[in-house]
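Coordinates in review
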Amino acid sequence: MSNIPKNIVVLAATAVLLAAAAAAGLMLGASSVSLPELAAWAAGADVPDTARSILENVRVPRVLAALLAGAALATSGALIQASLDNPLASPNVIGVNSGAGLFVLLAASLAPGALWLTPLAAFAGALATALIIFALSLGAGVSRLTVVLAGIAITTVFGAGMNTILIVDPDAYVGSSTFLVGGLSGVLMRDLGWPAVYIAVGLAAALAGASKLNILALGDEAAHGLGLNVSRLRLSMLAVAAVLAGAAVSFAGLLGFVGLVVPHLVRFFVGCDNRWVVPVSALAGAAFVVGCDLLARVLFAPYELPVGILMAFIGGPFFIYLILKNKGGGLD
C-alpha cells in the first residue's frame, strides 16, 4: 500500500508528459503552428487557414495515430511479458507484428481497397502467431530463450513472405517501404476508425485482466491453488495482446521495440504490479511514440526519417542489454 501514492504520482506525471508530447507533435514540424493558434483551434475559434489545414489534415491524424499505436504496442508488450513470464518477449520479438504485417499485405493484395479488412487481417495474423508461441511455450523443458529464438525465426519467415508478396504484387500496399520499418507519414483519419475501436476494447480487456496477471506471477501451482485457470488466462491475454498489436500494425506498420522498452521502464518506476504496469504502459507508450515520431520529423529536416528506424536504434541496444542482464539463468 505504501507504493500507491508514488504510483499515482507516476501515473499523473506520465499523463502530463503525454499531453506535452502531443502538443509538441501538433505544433512542431516543417511548418510550425504556434501555441496560441493551437489553443484557438482546440477551442473552436478562428485560426489562419494555413494553421487549420496543417492541424486537421496532417498533424492531428499523425499524432492520434502515434498515440494509438504507442498505447497499443506498449500494453501488448506488457501483457505478453506477463503472460509468458519472459522479460525479452514483445510483439516484434516473438513475431506477432510480423504475422500481422504478413496478413495485412495478403489482404491488400487479394482485396485491394477493402479498408475495413485491414485491421481484421492484422488481428488474424497477430493471433495466429500468438497461438504458435503459446503452443510452443507449453512444451516441457522449453526455456524462455527458446521461445524468443522461435519468435525471431517466425519473424524471419514472415518477413520473407511479406517481401515475396511485394515482389509478386508491387502495388499491393502503397507506401510499403515505410510499412516494413514502421512509419506514420500519410496516415489519414479514415485509417484510424476501426483500429481505434479494437484498441479501446483491447485496453479495457487488458485493464480488466491485470489483477489476474498478478496471481499468475505467483507461479502456476500457486495460481491453480487459488482457482485460476492458468492456460485460459495466458491464452486470453495473448489474444488481447494480438488485438492491440494487430490494430497498431494495420496503420503504423511494423513498429518495433515499443512493447519491449516501455514496459521495462514502467516497471522500474511502479514495480511489477500489473494493475499499475498496464495503464502506465499505455500512457508511456503513447508518449514514447509521439516523441520519437516528432524527433524523426525534425532531426533531419527537411528530410523525414520513418519513426521505426529511430526506434530500432533505441530498441536494438536495449534488447542486447536485457540479454546480458538476464544471462546466467534468467532465461531458463
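Residues numbered from 1 in each chain as written. Predicted model: local features only at pLDDT ≥ 70, side-chain atom pairs only at ≥ 80, totals over all residues. Heavy atoms only, no water.

1. Here we look at the overall build of the chain
Scanning the chain from terminus to terminus reveals 13 helices and zero strands. N-terminal to C-terminal, the α/β element order of the chain is α-α-α-α-α-α-α-α-α-α-α-α-α. Taking 332 residues into account, the globule formula puts the C-alpha radius of gyration at 20 Å, and the chain, at 20 Å, falls close to it. Taken over the C-alpha atoms alone, the chain extends approximately 65 × 55 × 35 Å along its principal axes. (Helix = DSSP H or I, 4+ residues; strand = E, 2+ residues; numbered from the N terminus. Rg over C-alpha atoms; globule rule 2.2 N^0.38 Å.)

2. Re the side chain of Asp293
For Asp293, the position within the fold is in helix H12 (residues 274-298). Judged by its relative accessible area of 2%, Asp293 is buried. A polar contact of 2.9 Å, which involves the side chain of Asp293, links it to the side chain of Arg62. Those residues in contact with Asp293 that sit more than four places away from it in its chain are Arg62, Leu184 and Val307. (Buried < 20%, exposed > 50% of the residue type's maximum accessible area, 1.4 Å probe, protein only. Polar contact = N/O pair within 3.5 Å; in protein donor to acceptor, adjacent residues only side chain to side chain. Contact = heavy atoms within 4.5 Å.)

3. Points about the packing of helix H8 (residues 193-216) against H12
For the pair H8 and H12, the least separation of the axes is 7 Å and the interaxial angle reads 150°. Of the possible angle classes, the one that applies to H8 and H12 is roughly antiparallel. Across the interface between the two elements, Leu203, Ala206, Leu207, Ala210, Ser211, Leu213 and Asn214 from H8 touch Asn274, Arg275, Val278, Pro279 and Ala282 from H12. Of the residues assigned to the contact of H8 with H12, the class counts are eight nonpolar, three polar and one charged. (Axes fitted to C-alpha atoms, helices over the stretch in contact; angles between N-to-C directions. Parallel < 35°, antiparallel > 145°, perpendicular 65-115°, else oblique. Nonpolar A, V, L, I, M, F, W, Y, C, P; charged D, E, K, R; others polar.)

4. Some details on the confidence of the model for the chain
Mean pLDDT over the chain: 87, with 94% of residues reaching 70 or higher. Per-element mean pLDDT across the chain ranges from 78 in helix H7 (residues 176-181) up to 94 in H12. (pLDDT = per-residue confidence, 0-100.)

5. Quick look at unusual backbone geometry
Phi angles above zero are rare outside glycine, and Asp85 is one such case at about 50°. Locating Asp85 in the fold gives a position in the loop between helix H3 (49-84) and helix H4 (96-110). Phi is positive for Phe257, close to 75°, though the residue is something other than glycine. Look at Phe257 and you get buried, because its relative accessible area is 17%.

6. Here we look at the packing of aromatic side chains
Here the structure, examined in full by the defined rule, presents three aromatic pairs. Taking the centre distance of 5.9 Å and the plane angle of 50° together, the rings of Phe318 and Tyr321 count as tilted. You can see Phe318 and its partner Tyr321 sitting in helix H13 (residues 307-325), three residues apart, about one turn around the helix. (Phe/Tyr/Trp six-rings, centres within 6.5 Å; stacked < 30°, edge-to-face > 60°.)

7. As for the environment of Ala12
By secondary structure assignment, the location of Ala12 is in helix H1 (residues 4-27). With relative accessibility at 41%, the residue Ala12 sits in the partly exposed group. Sequence separation between Ala12 and Val280 is 268 residues; the distance between their C-alpha atoms is 9.1 Å.

8. Examining the pattern of salt bridges
All told, the structure shown has five salt bridges when counted by the stated rule. One salt bridge in this structure joins Asp293 and Arg62, with 2.9 Å as the shortest N-O distance. On the criterion of sequence distance, the pair formed by Asp293 in helix H12 and Arg62 in helix H3 is long-range, its members being 231 residues apart. What makes Arg62 buried here is its relative accessible area of 8%. Across the pair Glu304 and Arg62 runs a salt bridge whose closest N-O atoms are separated by 2.6 Å. One end of the pair, Glu304, is in the loop between H12 and H13; the other, Arg62, is in helix H3, with 242 residues separating them in the sequence. For Glu304, a relative accessible area of 40% puts it in the partly exposed group. The structure contains a network of salt bridges with shared partners spanning Arg62, Asp293, Arg297 and Glu304. (Salt bridge = Lys/Arg side-chain N within 4 Å of Asp/Glu carboxyl O.)

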